[in-house]
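Architecture at a glance
These are the residues of each chain, in order.
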Amino acid sequence: VQLVESGGGLVQPGGSLRLSCEASGYIISIYDMAWYRQAPGKQRELVATITNGGSTNYADSVKGRFTISRDNTKKMVSLQMNSLKPEDTAVYYCNAQVVAGLEDLVVWGQGTLVTVSS
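Report follows, based on the coordinates.

Here is what the cut-offs are and how they apply
- Residues numbered from 1 in each chain as written.
- Predicted model: local features only at pLDDT ≥ 70, side-chain atom pairs only at ≥ 80, totals over all residues.
- Heavy atoms only, no water.
- Core = buried A, V, L, I, M, F, W, Y, C linked by side-chain atoms within 4.5 Å.
- Buried < 20%, exposed > 50% of the residue type's maximum accessible area, 1.4 Å probe, protein only.
- Helix = DSSP H or I, 4+ residues; strand = E, 2+ residues; numbered from the N terminus.
- Contact = heavy atoms within 4.5 Å.
- Pairing = 2+ DSSP bridges.
- Disulfide = S-S within 2.5 Å.

Here's the deal with the nonpolar core
Grouped together as the largest cluster of nonpolar side chains are 32 residues, with contacts concentrated most on W35, L79, M81 and Y92. Sorting the residues of this core by element identifies strand 3 (17–24), strand 4 (29–38), strand 5 (45–50), strand 7 (66–71), strand 8 (76–81), strand 9 (90–100) and strand 11 (112–116) as the ones contributing at least two each. A total of six residues in this core trace back to one element, the largest contributor, which is strand 9. Beyond its immediate chain neighbours, meaning those up to four positions away, L79 contacts L17, R18, L19, W35, V47, A48, F66, T67, I68 and Y92.

Points about the pairing of strand 3
Where strand 1 (residues 2–6) and strand 3 come together, five bridges link them in antiparallel fashion. Of the residues in strand 3, the one forming a bridge with V4 is E22. The pairing of strand 3 with strand 8 spans six bridges and is classified as antiparallel. Within strand 8, the position partnered with E22 by the bridge is M76.

Considering the environment of L102
Its location among the elements puts L102 in the loop between strand 9 and strand 10 (103–108). Once the C-alpha coordinates of L102 and I28 are considered, the two residues, 74 residues apart in sequence, prove to be 9.1 Å apart.

Some remarks on the environment of V4
With respect to the helices and strands, V4 occurs in strand 1. The spacing of V4 and G111 is 107 residues in sequence and 8.0 Å in space, taken between C-alpha atoms. Not counting residues up to four positions away in its chain, the partners in contact with V4 are S20, C21, E22 and Q110.

What about the state of the cysteines?
Applying the stated rule across the entire model yields one disulfide. At a sulfur-sulfur separation of 2.1 Å, the disulfide partner of C21 is C94. Between C21 and C94, the S-S torsion sits near -80°, and that sign places the bridge as left-handed. Pair noted here: C21 is in strand 3 and C94 is in strand 9, with a separation of 73 residues, a long-range link. Classification of C94 as buried rests on a relative accessible area of 0%.

No statement about biological role is implied by the geometric values presented.
Here it is in structure tokens:
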């Protein structure tokens with residue numbers, strides 16, 4: 001089972017980016033999915049979560065600017081990021097709680113870099 005992120009890059013302050021993450025492998029079901037981020041010299045922090053039923057939760061720092069969504073049929077989770085700020089610069093990681101075979105797994109993606117700078 002693996003998660004592969006895409007969509008990172010360089011964007012100016014006030015701009016937008018959309019991150020995507022696709023799960024693959026022998027997956028029976030996916031429970032919660034989430035995005036985390038880790039800025040240079042800082043601990044990894046939770047950005048947003050979404051349950052299998054679509055309930056969402058956001059860090060206070062991104063509320064009103066970021067939107068998490070998922071497509072259960074495609075085993076994908078996305079993060080739409082608007083009104084980006086320099087402090088949003090970080091490596092963004094996808095995370096999922098997965099049932100694979102007889103195991104419950106917590107799976108991480110490899111990360112995608114988002115740089116907000118003029």
